[in-house]
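# Residue-level structure breakdown
Okay, here's what each chain looks like letter by letter:
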Amino acid sequence: MPDEASEQGTIRYIRCSSCGTPNPASALTCSRCGKAMEGEAASAPPVSPAPARQVTCPKCRKPLPPNSKFCGFCGATVAPPAPPITKVPAQAAVPTQPIAPVVPPKPPAPVSKPAPPPPPTSGRPGVAKAPTPAPTPRGPQAPAAAPPAAVPPSGGVTQLFPGLHVPKIEASIVELRQDGTTGKITRIVKETAIGRGTCDVSYPDDPLLSPRHASLQIRAGKLMLKDLGSQNGTFTKQRQDTELTPGDVFLTGRELFRFVTQSMDEQPGPSQGTQFIVGAPKLQRGPVTAKLERIQLTGEVIEEFSLDKPEITLGRTKGDLIFQDDPFMSGTHARIVAQPGRFLLQDLKSRNGVYRRIRNEAELRHGDEFFLGEQLFRVEIKTS
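Cut-offs applied
- Numbering of residues starts from 1 in every chain and runs along the sequence as written.
- Totals for whole chains, interfaces and linings use every residue, but because this is a predicted model, local features are given only for residues with pLDDT of at least 70 and side-chain atom pairs only at 80 or more, for both listing and counting.
- Here the side-chain values reflect all heavy atoms present in the structure, with hydrogen atoms and water set aside.
- Helix and strand assignments follow DSSP, with helices taken as H or I runs no shorter than four residues and strands as E runs no shorter than two, numbered in order from the N terminus.
- Here, two residues are considered to be in contact whenever any of their heavy atoms come within 4.5 Å of each other.
- Only protein chains enter the accessibility calculation, which uses a 1.4 Å probe; a residue is then buried when its area is under 20% of its type maximum, exposed when over 50%, and partly exposed in between.
- By the convention used here, strands pair only if DSSP detects at least 2 bridges between them.
- Joining through side-chain atoms within 4.5 Å is the link that ties buried Ala, Val, Leu, Ile, Met, Phe, Trp, Tyr and Cys residues into a set, and such a set is a nonpolar core.
- Between Lys or Arg on one side and Asp or Glu on the other, a salt bridge is scored when a side-chain nitrogen of the former is within 4 Å of a carboxyl oxygen of the latter.
- Pairing of aromatic rings covers Phe, Tyr and the six-membered ring of Trp, with a centre-to-centre limit of 6.5 Å; geometry is then stacked below 30 degrees between planes, edge-to-face above 60, and tilted otherwise.

### As for the side chain of T236
Looking at the element boundaries, T236 is found in strand β11 (residues 234-237). What T236 contacts, discounting residues up to four positions off in sequence, is L225, V354, Y355, R356, I358, L364, E369 and F370.

Structure follows, in structure tokens:
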């Protein structure tokens, strides 16, 4: 073991001026921090370390320099000394004060500007000179707010219903002549009367027309044809199969027919002042019989035909009712079909069609045809 045993041995130790570590007097640098051991620290007399800072060997109980890892006497491992416990004086409890809310400073009061000096007078006494207006500073102006853009409605948003709008139509009637050509065109602007007398559309040479026979009028977006109580009636061309009601009059070719029905148990008679009992059950009507009456324009019956079959066909060459002398009737012109509780009148694609006499008034559509007296017309309608 070297002779450098302890601070009290034959070897003299000096402390480093930087870190205070004991080093042999012969050492040139500190064994801990590496600083030079010359100068004032080397010439200073040795300072006896405090006993409390020495380390005792746990085996041989010899005092050793601090920070020693091994004993210089017996070679035992030396544990580092525990750091001294420093007592911190307890501080007096300081009462917590509530934090005052921060109040923003008030804005400074506006400084009143001094009144402008009176305008200088002009050269003439008693006349004040008009003040020169100060130029208005033109700084950057904010752009005008743009109107909100229209947002297209999405599929899931229900739009407001603006209400029902009656369509506007333009209607006119065209004369159809027997040779297939067209004649005068009359536009329907107001209620237009047709007749033999003084009317909007007049035919004084037609003996079958009444003085005021019928009228046309646009009402609620529809063209309406009204019979004005004429003697021979007003007829429209049938568009589709229609039901016959008692008293209906229709024309096929030149043949005029009237549809009549009657219940078999119907026995009309005078009531002789007898009143019906209130709440009495109604009698069940028996089977209904129907017939066709071939009539003249005056309504006089020429002959009768019973409709006792499910279907009755009218024509010029084929059918149940044949009229060979009528050149305006097709070979198979029309048919009457019996159905439960009703009878249907069908047009069998005849050349001249089937015309039915209107009761009071009827709606006309584009392409419809109607006649009154000996005048035939076609309807033309444009919807705007």
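Let's pick the thread back up.
### What to know about the side chain of T21
Within the fold, T21 resides in the loop between β1 (13-15) and β2 (22-24). Classification of T21 by relative accessible area gives buried; the value is 12%. Here T21 is in contact with I14, R15, C16, C30, S31 and R32, once residues within four sequence places are set aside.

### Regarding the pairing of strand β13 (residues 249-252)
Along β13, one buried face is formed by V249 and L251 and the opposite face, lined by F250 and T252, is buried too. In the sheet, β13 pairs with strand β21 (residues 354-357) via three bridges, with the strands oriented antiparallel. Along β21, the bridge assignment pairs L251 with Y355.

### Considering the sheet that holds strand β22 (residues 361-364)
Strand order in the open sheet made by the five strands is β8-β7-β9-β10-β22, with mixed pairing throughout. In this open sheet, the two edge strands, each paired with only one partner strand, are β8 (201-202) and β22. Sheet topology places strand β7 (residues 192-195) next to β8; two bridges connect them, and they run parallel. Bridge pairing links G195 to S202 in β8.

### Points about unusual backbone geometry
Positive phi, normally seen in glycine, also occurs at R61, with a value near 60 degrees. Position of R61 relative to the elements: it lies in the loop between β3 (55-56) and β4 (63-64). On the basis of relative accessibility, which here comes to 58%, the residue R61 falls in the exposed class. If you check the backbone angles, N360 has positive phi at about 70 degrees while not being a glycine. Take N360: it is sitting in the loop between β21 and β22.

### Describing the sheet that holds strand β20 (residues 342-347)
Pairing is mixed across the open sheet formed by five strands, whose spatial order is β12-β20-β19-β17-β18. Looking at strand neighbours, the two that pair on one side only are β12 (242-243) and β18 (321-322), the edges of this open sheet.

### What to know about the nonpolar core
Judged by nonpolar contacts, the single largest core of 20 residues is most densely connected at L216, L223 and F370. When contributions to this core are tallied by element, the ones reaching two or more residues are β5 (169-176), β9 (214-219), β10 (222-227), β22, β23 (369-372) and β24 (375-383). L223 has contacts with I169, A171, I188, L216, Q217, I218, A362, E363, L364, V379 and I381, leaving out every residue within four places of it along the chain. Judged by nonpolar contacts, the second largest core, of 18 residues, contains F259, F305, L321 and F343.

### Description of the pattern of salt bridges
A full pass over the atoms with the stated rule returns 14 salt bridges. Salt-bridge contacts for E255 lead to R294; the nearest nitrogen and oxygen are separated by 2.8 Å. One end of the pair, E255, is in strand β14 (residues 255-263); the other, R294, is in strand β15 (residues 288-295), and 39 residues separate them in sequence. R294 carries the same exposure label as E255, and that label is buried. Across the salt bridge formed by R335 and E311, the nearest N and O atoms sit 3.6 Å from each other. Placement of R335 in strand β19 (residues 334-339) and of E311 in strand β17 (residues 311-315) is noted, with a sequence separation of 24 residues between them. Exposure remark for R335: the relative accessible area of 22% places this residue in the partly exposed category. By sharing partners, the salt bridges in this structure join R258, K291, E293 and E304 into a single network.

### Structural notes on the packing of aromatic side chains
Applying the stated criterion across every chain, the model contains eight aromatic pairs. A centroid spacing of 4.9 Å and a plane angle of 5 degrees characterise the contact between F235 and F371, whose relative ring orientation is stacked. One end of the pair, F235, is in strand β11; the other, F371, is in strand β23, and 136 residues separate them in sequence. The same class applies to F235 as to F371, namely buried. An aromatic cluster of at least three residues, connected via ring pairs, comprises F250, F257, F305 and F323.

### Points about the environment of G373
By the element assignment, G373 lies in the loop between β23 and β24. The spatial distance from the C-alpha of G373 to the C-alpha of D206 is 6.7 Å, given a sequence separation of 167 residues. Apart from the residues within four sequence positions on either side, G373 is in contact with D206, L208, L209 and H213.

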